[in-house]
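Analysis of the macromolecular model
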Amino acid sequence: MKIPYVSFSGMHDDIREDMNRAFLEVYDNAWYVLGKQVDEFEQLYAGFSSTSYCKGISNGLDALFLSLKALDVGPGDEVIVPSNTYIATVLAISYVGAQPIFVEPDKRTYNLDPSKIAAAITPKTKAIMPVHLYGQSCEMGPIMDLANQHGLFVVEDNAQAHGATYQGKITGAWGHANATSFYPAKNLGALGDAGAITTNDAALADKISMLRNYGSKKKYYNEAIGHNMRLDELQAAFLKVKLPRLNQWTQSRCQIAESYQRGLQHTGDLVLPYTAPGATHVYHAYVIRTNRRDELMAYLTANGIGTIIHYPVPPHLQQAYQDLGYQKGDFPIAEELAATSLSLPLWPGLSEEKVNEVVSLVQQFYSNP
Ligand SMILES: Cc1ncc(COP(=O)(O)O)c(C=O)c1O
């Protein structure tokens, strides 16, 4: 049985006609940039996120960048970021000319460890960027307390955790400006690049609108050196079709994760996902850890099972960041995660039979050492 790492069929087969209708609506309406679809999606996604405002942005990286830029984070500022994040979080800090300050994650949740943040705060610190990695909410209560005590901005990277919560409050609603991605494989995915920023601050929302549209509020009048970083009208129309189904797809992801959790407990040296008290997980990825990661991955590949490594090289060891002067050993938790993590197939609609097939192959791997 061939099982790819990701498949859209469980979502897309059901909504084919609605997506076609959404396409035709945009096509016939003939208003292709910043129109009714973007306006409507922004309202819906703000509602979903329990925030007053949502601004549609071209993609997740641009949303992270514009969040920092709108908060006037720039040269001379330091921004605290987890040492095991996807590169985009760090790139956004570089784009505004600030300095990324890496803080090691909690070894069980893989999210920013609130108890380690205080030691990284200096007079130059301007913001903290918690990343809700793999779909689990960070422990946002303690992070917000710390930020408030030190007068720091919080910019959540919510690319992987649409709908996750901490103590009942949804991700994307905690920070001052929060970025998300609707890259196709995300829990809520467009049919191309797309992203958004959520905020409760009216002035900030206005500034983000202006910055994403050439620095202009009134056509041909430019008040800042802005960008073209707008959410596309077509992608907004597709996202409007998908958003009402997101909770149902999240439930499917959680059921699959539970099946893996049951099937794989006490298997070899596997470390399974752990969710912190108070946090929920929407399983963008089901990430296991093993010292035999590369062998296990090769075994699964040979048996037709797709897997992915999130992520093989932590940001501080990327060639792009060699100027920061970090070396192997500087962030041992991030490095260990990079060497041992493996994500198993998971998508809404992945059948119990297929999950069982993955589970039994992993068990077979460990029963033939
Ligand atoms: C944690 C995280 N942050 C940021 C991004 C960037 O989003 P995008 O690909 O839409 O630029 C991604 C996804 O690619 C991500 O997983």
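Residues numbered from 1 in each chain as written. Predicted model: local features only at pLDDT ≥ 70, side-chain atom pairs only at ≥ 80, totals over all residues. Heavy atoms only, no water.

1. Some words on the site of the ligand
Our working rule: Any residue with a heavy atom positioned within 4 Å of a molecule or strand is treated as near that molecule or strand. Throughout this description, a polar contact denotes any pair of N or O atoms lying within 3.5 Å of each other; where both atoms belong to protein, one of them has to be capable of donating a hydrogen while the other can accept it, and for residues adjacent in sequence the pair is counted only when both atoms sit in side chains. Here the accessible surface of atoms and residues is derived via Shrake-Rupley with a 1.4 Å probe, and residues count as covered only by protein chains that are part of the display. Helix and strand definitions follow DSSP, with helices as H or I runs of at least four residues and strands as E runs of at least two, each counted in order from the N terminus. When residues are sorted by character, Ala, Val, Leu, Ile, Met, Phe, Trp, Tyr, Cys and Pro go into the nonpolar class, Asp, Glu, Lys and Arg into the charged class, and all the rest, Gly among them, into the polar class.
In the vicinity of the ligand, 13 residues are found, and the nearest of them are Gly60, Asp157, Gln160, Ser181 and Lys186. Here an oxygen atom of the ligand and a backbone polar atom of Leu61 are 2.9 Å apart. With respect to the ligand, the side chain of Asp157 contributes an N or O atom lying 2.7 Å from a nitrogen atom. Considered on its own, the ligand offers 380 Å² of accessible surface; in the complex 91% of this is hidden by protein. At three residues, the largest contribution of residues to the shell around the ligand is made by helix α3 (residues 60-70). Each residue belonging to the shell around the ligand can be placed in one class, and the counts come to seven nonpolar, four polar and two charged.

2. Examining the sheet that holds strand β3 (residues 99-103)
Either a parallel or an antiparallel arrangement is found when strands of a sheet pair, and the pairing is made through backbone hydrogen bonds. What counts is decided by this rule: Any two strands with at least two DSSP bridges between them are considered paired.
Pairing is parallel across the open sheet formed by four strands, whose spatial order is β3-β2-β4-β5. Pairing within the sheet leaves two strands with one partner each, and these edge strands are β3 and β5 (153-154). Examined bridge by bridge, strand β2 (residues 78-82) and β3 share five bridges and lie parallel to one another. Looking across to β3, one finds that Pro82 is bridged to Val103.

3. Focus: the domain arrangement of the protein chain
One frequent convention defines the size of an interface as the accessible area lost when the parts assemble. In plain terms, the rule: In this entry, domain limits derive from an automatic or database-based domain assignment. Any two residues having at least one pair of non-hydrogen atoms within 4.5 Å are treated as being in contact. A 1.4 Å probe defines the accessible area here, and the buried area is the portion of it lost by two parts on being joined, summed over both.
For the protein chain, the assigned domains read domain 1 (9-244) and domain 2 (246-367). Relative placement of domain 1 and domain 2: their C-alpha centres are 24 Å apart. The interface is formed by 43 residues belonging to domain 1 together with 36 residues belonging to domain 2. Around 3,600 Å² of area is buried between domain 1 and domain 2 when both sides are counted, 60% of it from carbon and sulfur atoms. If you sort the residues of domain 1 by the area they bury against domain 2, Phe102, Tyr134 and Asn187 come out on top, with a joint share of 21%.

4. Considerations on the pattern of salt bridges
Inclusion rule: In the sections that follow, a salt bridge refers to a side-chain nitrogen of Lys or Arg positioned within 4 Å of a carboxyl oxygen of Asp or Glu.
Considering all chains together, one arrives at 14 salt bridges under this definition. Where Arg21 meets Asp18, a salt bridge forms, and the shortest distance between an N and an O atom there is 2.5 Å. Of the two residues, Arg21 and Asp18 are both situated in helix α1 (residues 9-29); the distance of three residues between them amounts to about one turn of the helix. Among the ionic pairs, Glu336 bridges to Lys107, the shortest N-O distance being 2.9 Å.

5. Some details on helix α9 (residues 246-264)
Definition in use: A helix is expected to span 1.5 Å for every residue after the first. The classification of residues rests on relative accessible area computed with a 1.4 Å probe and restricted to protein chains. Under 20% of the type maximum is buried, over 50% is exposed, and intermediate values are partly exposed.
With 19 residues, α9 should reach 27 Å at 1.5 Å per residue; the first-to-last C-alpha distance of 27 Å fits that figure. Along α9, the residues that are buried comprise Leu246, Trp249, Thr250, Ser252, Arg253, Ile256, Ala257, Ser259, Tyr260 and Leu264. Structurally, α9 contributes buried residues whose contacts are with α1, α2 (36-48), α8 (233-242), β12 (286-289), β13 (341-344) and α12 (352-367). Count one or two residues on from α9 and you reach His266, which has phi positive near 60°.

6. Here we look at the side chain of Thr180
Mapped onto the elements of the fold, Thr180 is located in strand β8 (residues 178-181). A polar contact of 2.8 Å, which involves the side chain of Thr180, links it to the backbone oxygen of Asn158. If we ignore the near neighbours within four places in the chain, the residues touching Thr180 are Tyr45, Asn59, Gly60, Ala63, Asn158, Ala159, His162, Gly195 and Ala196.

7. Section: empty space enclosed by the protein
Basically, it comes down to this: Here a cavity means grid points, on a 1 Å grid over the protein atoms only, where a 1.4 Å probe fits yet cannot get out; a pocket means an open set of points with protein on both sides within 12 Å along at least five of seven lines; lining residues are those with an atom within 4 Å of a point. Grid points are joined across faces, edges and corners, and a volume is the space filled by probe spheres set on the points.
In this structure the tally under the stated criterion is three cavities of 30 Å³ or more. Quantified by volume, the largest cavity comes out at close to 90 Å³. A per-class count over the lining of the largest cavity returns nine nonpolar, three polar and no charged. Viewed by domain, the lining of the largest cavity spans two of them, domain 1 (9-244) and domain 2 (246-367), each represented by three or more residues.

8. Looking at unusual backbone geometry
With an omega dihedral of 5°, the bond running from His310 to Tyr311 counts as a cis peptide bond. On the secondary structure map, Tyr311 appears in the loop between α10 (293-302) and α11 (332-340). At Tyr214, a residue that is not glycine, the phi angle is positive and equals roughly 65°. Tracing the backbone shows Tyr214 in the loop between α7 (202-212) and β10 (216-218).

9. Comments concerning the layout of surface pockets
There is about 630 Å³ of room inside the largest pocket. As for the largest pocket, its lining consists of 32 residues, and the residues nearest its centre are Tyr86, Ser181, Tyr183, Lys186 and Tyr311. Broken down by element, the lining of the largest pocket gets its largest block of residues, four residues, from helix α4 (residues 87-95). Looking at side-chain class alone, the lining of the largest pocket contains 18 nonpolar, ten polar and four charged residues. Shared between two domains, the lining of the largest pocket takes at least three residues from each, and those domains are domain 1 (9-244) and domain 2 (246-367). There is about 290 Å³ of room inside the second largest pocket. Taken together, 13 residues form the lining of the second largest pocket, with Asn213, Tyr214, Ser216, Lys219 and Arg230 sitting closest to its centre. Secondary-structure elements contributing two or more residues to the lining of the second largest pocket are α7 and β10. A per-class count over the lining of the second largest pocket returns four nonpolar, four polar and five charged.

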